[in-house]
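Here is what each chain is made of, one letter per residue.
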Amino acid sequence: MAILHHLTVFQTSHVHTHPGTNTCNALFPPILNRLQPRSLSTSSLCCQTVSIGGDHPFSVHTVYRRHFSRGSTIQLCCSTLQTDIGLSGGQSSLQDVELRAVQLAEDILSLRCCSRERLKFEIEYSLKRGTTDNSYVIKTEEGIILMDVPDQLFSRAYIQTLASSIDLRNIKSLIIGHFSPKRTESLTALGDALPNEVLPLKVYCSNPAAQQLRASLPTSLLEKTFSVNIIRPRDSLELGGGRKLQFILTPTPRWPDGMCSYDSASQLLFTNKLFSAHVCDNNDFDAGGWDSYGQDWQFYYDCMLAPVAKQAEAALEKLPLVPQFSKPSYSGKKGVEVIKADLRYIFSSLLSELNLPISKAATLSKILESGSLLVVSAVCPIHGPIVRSTVTELLHKYGVWTQEKLKQNEAAVVAVIYASAYGNTAALAQAISRGISKASVGVESLNTEQSTSEEVGDLVQRCDGFVIGSPTLAGHMPTPIQNALGVILKNIDAKGKPCGIFGSFGWSGEAVDEIEQRLKSAGFTFAFSTIRCKFKPTESMLQTCEESGTDLAQAVKRAKLKEKKRTAPQSVVASSVEQAVGRVVGSLCVLSAKSGDAESAMLASWVSQASFVPPGLTIAVAKDRAVESLVLPGGRFVLNVLGEGKTAPVVKQLLKAFKPGESRFGELQTIEADNGGRIIADAIAWMECIVATRLEAGDHWVIYATVDNGQLQDNKTLTAMHYRKTGARY
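Residues numbered from 1 in each chain as written. Predicted model: local features only at pLDDT ≥ 70, side-chain atom pairs only at ≥ 80, totals over all residues. Heavy atoms only, no water.

## As for the overall build of the chain
Here is step 1: When helices and strands are tallied, the chain shows 17 helices and 36 strands.
Here is step 2: A buried classification covers 55% of the 730 residues belonging to the chain.
Here is step 3: Restricting to contacts in the chain with at least 6 residues of sequence separation, those with at least 24 account for 71%.
Here is step 4: Within the structure as shown, the chain displays about 32300 Å² of accessible surface, and the carbon and sulfur contribution to it stands at 52%. (Helix = DSSP H or I, 4+ residues; strand = E, 2+ residues; numbered from the N terminus. Buried < 20%, exposed > 50% of the residue type's maximum accessible area, 1.4 Å probe, protein only. Contact = heavy atoms within 4.5 Å. Areas by Shrake-Rupley, 256 points an atom, 1.4 Å probe, with all protein chains shown as cover.)

## Concerning the pattern of salt bridges
Here is step 1: Under the criterion given, the structure shown has 27 salt bridges.
Here is step 2: Between D513 and R532 there is a salt bridge, with the nearest N and O atoms lying 2.8 Å from each other. With D513 in helix α14 (residues 510–521) and R532 in strand β25 (residues 531–534), this residue pair connects regions lying 19 residues apart in the sequence.
Here is step 3: Under the relative-accessibility criterion, R532 is labelled partly exposed at 35%.
Here is step 4: Across the salt bridge formed by R636 and D708, the nearest N and O atoms sit 3.3 Å from each other. Of this pair, R636 sits in strand β31 (residues 636–641) while D708 sits in strand β35 (residues 700–712), placing them 72 residues apart in sequence.
Here is step 5: Given the relative accessible area of 41%, R636 is considered partly exposed.
Here is step 6: A relative accessible area of 48% means that D708 is categorised as partly exposed.
Here is step 7: One network of salt bridges, in which partners are shared, links E98, R100, R112, R116 and D284. (Salt bridge = Lys/Arg side-chain N within 4 Å of Asp/Glu carboxyl O.)

## With respect to the confidence of the model for the chain
Here is step 1: Model confidence for the chain is summarised by a mean pLDDT of 83, while 79% of its residues fall at 70 or above.
Here is step 2: With pLDDT under 50 throughout, residues 1–94 is counted as low confidence; its partners more than four residues away or in other chains account for 206 contacts.
Here is step 3: Residue range residues 324–330 is modelled with pLDDT below 50. Its contacts to residues more than four positions away, or to other chains, number 23 contacts. (pLDDT = per-residue confidence, 0-100.)

## Some details on the sheet that holds strand β17 (residues 268–272)
Sheets are built from strands that pair by backbone hydrogen bonding, the pairs being arranged parallel or antiparallel.
Here is step 1: One open sheet holds the five strands; their spatial order is β14-β15-β16-β17-β20, and the pairing between them is mixed. At either margin of the open sheet sits one strand with a lone partner, and together these are β14 (236–240) and β20 (378–381). In this sheet, neighbouring strand axes are inclined to one another by 20° on average, regardless of whether the strands run parallel or antiparallel.
Here is step 2: Here strand β16 (residues 259–263) pairs with β17 via three bridges, running antiparallel. (Pairing = 2+ DSSP bridges. Axes fitted to C-alpha atoms, helices over the stretch in contact; angles between N-to-C directions.)

## A short note on the nonpolar core
What tends to happen in soluble globular proteins is that the nonpolar side chains get buried as a cluster.
Here is step 1: Counting 61 residues, the largest nonpolar core has L305, L319, V416, I436 and F502 as its most contacted members.
Here is step 2: With eight residues, the top contributor of residues to this core is helix α6 (residues 289–304).
Here is step 3: Not counting residues within four places of it along the chain, the set of residues in contact with I436 comprises V414, V416, V441, G442, V443, G549, T550 and A553.
Here is step 4: By size, the runner-up hydrophobic cluster in this structure holds 37 residues, among which are L109, V137, L162 and A189. (Core = buried A, V, L, I, M, F, W, Y, C linked by side-chain atoms within 4.5 Å.)

## Here's the deal with the packing of helix α2 (residues 155–165) against helix α3 (residues 184–193)
If you want to describe how two helices pack, look at the angle between their axes and the distance between the axes.
Here is step 1: Relative to each other, α2 and α3 sit at 30°, their axes nearing to 9 Å. Taken as axis vectors, α2 and α3 run roughly parallel relative to one another. Every pair of crossing elements has a handedness; the one defined by α2 and α3 is right-handed. Of α3, the residues touching α2 (which contributes S155, I159 and L162) are E185, S186, A189, L190 and A193.
Here is step 2: A class-by-class count of the residues in the contact of α2 with α3 yields five nonpolar, two polar and one charged. (Parallel < 35°, antiparallel > 145°, perpendicular 65-115°, else oblique. Left-handed = near helix turned anticlockwise from the far one by under 90°. Nonpolar A, V, L, I, M, F, W, Y, C, P; charged D, E, K, R; others polar.)

Here it is as structure tokens:
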């Protein structure tokens, strides 16, 4: 989409000044001079923009705001009407975009493009807490370095803010840690905005990113505007004055171009997708720590990195990180060296309590011994808050989660093999992978575009089941998928493994049909019906993918259990503990939830009231339940309480084996509640609930929800109870 020609009218509002206000270093004169930094506390500048000769109306309301706390913040708010932000089926969406310019250090600025709405129907956005797309600006002795460009939704606001914040003539290079077709518009807009004396702009990126650039940009534009420099392992970029950027390649199947950058002067680590989270609130840093963002970091990891645990482990090994003022290691130290370590620990603790600005903290922390470790003052991801106060805990959790997933892979693993032209097939693969992980089965993803036939063969041989996904390009499978399918068909052992097929397409989807026909002719067993997605996936499609992944994982577990019983048959008797736990009874209920066009339901008996004010209850939901992804924090559902003597039809219906995405209620009489859930006509009571929080409890999630609305429909019938003889199963 080309940049529109604009007619812009500015209106300046009232300015409040406070004499004696402490100001920050005016690193970016064009914008700070406009804000009169010596006396200005708050200023606003309203801008109404109208497109001329374009068919995409675009309006902007801009507010500049200065905060004097740990870092100076210049905040720009933009309300944008977009008609092509990536929703399914060509839908248009009105998005509120807020762009914050946050000064991290005296010479480093973060441009945080913020949206409090869900940008895409991809599995990692399911918490619906919005997102940020972070890019960075570094001022050096030799000029200005740009770090990444944002998603196409933010391109106009990004270029507008960049031009207002710095002198574009001083830009010397651009670092790209990750690039996708969705960022092409922003990169093109940047090239159009740069003055001729800057061109061609030096671009530093990994080889896969360079390939994506060449595929996304016209050759004439690429050669004229950008000079691409490919980063190799252990490369670095000299910034002048002894300062340098150290590059660390961190590829994964979903992000084969992944690259982190470490600034030795500020001790900031720019991690791109690693340590990211899709959340947008009023904080730029991780204020509130793990309590505020823990669930967001974990959910992002589960969706994006759990399926590639092996590559995640390799990336973490390349990043020997240590927080800026952490406890020194005593390993291998004796005598005086131990005393020195103690003194460093005391000094480190004192500095940590001072909560210093990043620049000063980086200078003082260099006194402490670090060896080959990367001492980080903050982690700067591409999505979510800048991590400063929670670095230690987040690093630890990443290690724990990765080891847990690798352990699952040892027990059983499903291979997710795919190629993706525009990201849609990759989104399906991600949802299927999450469904597999929910069933506590390991996942290994393989992007055939970045893999050899030998790697495909090795994974197919090792795995216990597999799925293969493909886009359709000009009526055919892409060559990497053709090669992978050939490897699978030649593997004698692969035929006995449960499998599945998925893919996205724009018109007829011949690639998916051909894969299905060839595997079916070869005698392969399908764990779920072939998934065909036209254009971009909807919530319902992602729900189907997730359920399909769970079905495949459960098929793998059944095969493993069958093999175990065959080789070591034994009678199973409930232990005394299991028998005792089984005497805990609960009311028999039905939980029904809906989000967008995705809905599901389940029988629930592990239900209990948890609070009086507000009225609240807890429900235990198994991690592999289809409805689990609909009862995330903020999700809404209906809880139906069943009555004695009225349970048989409901139980019979809900205990059926359902196909992925199939309606759970069949012929049962229901009505739709205000929150989208289903109220069963024969239920003796129902409650509309909203999930406040949830606790991970072994193989279940314990959900705490508040009750917004409810009704007793039958005051004469007693509540149906669920009695068990063992606590080892339902």
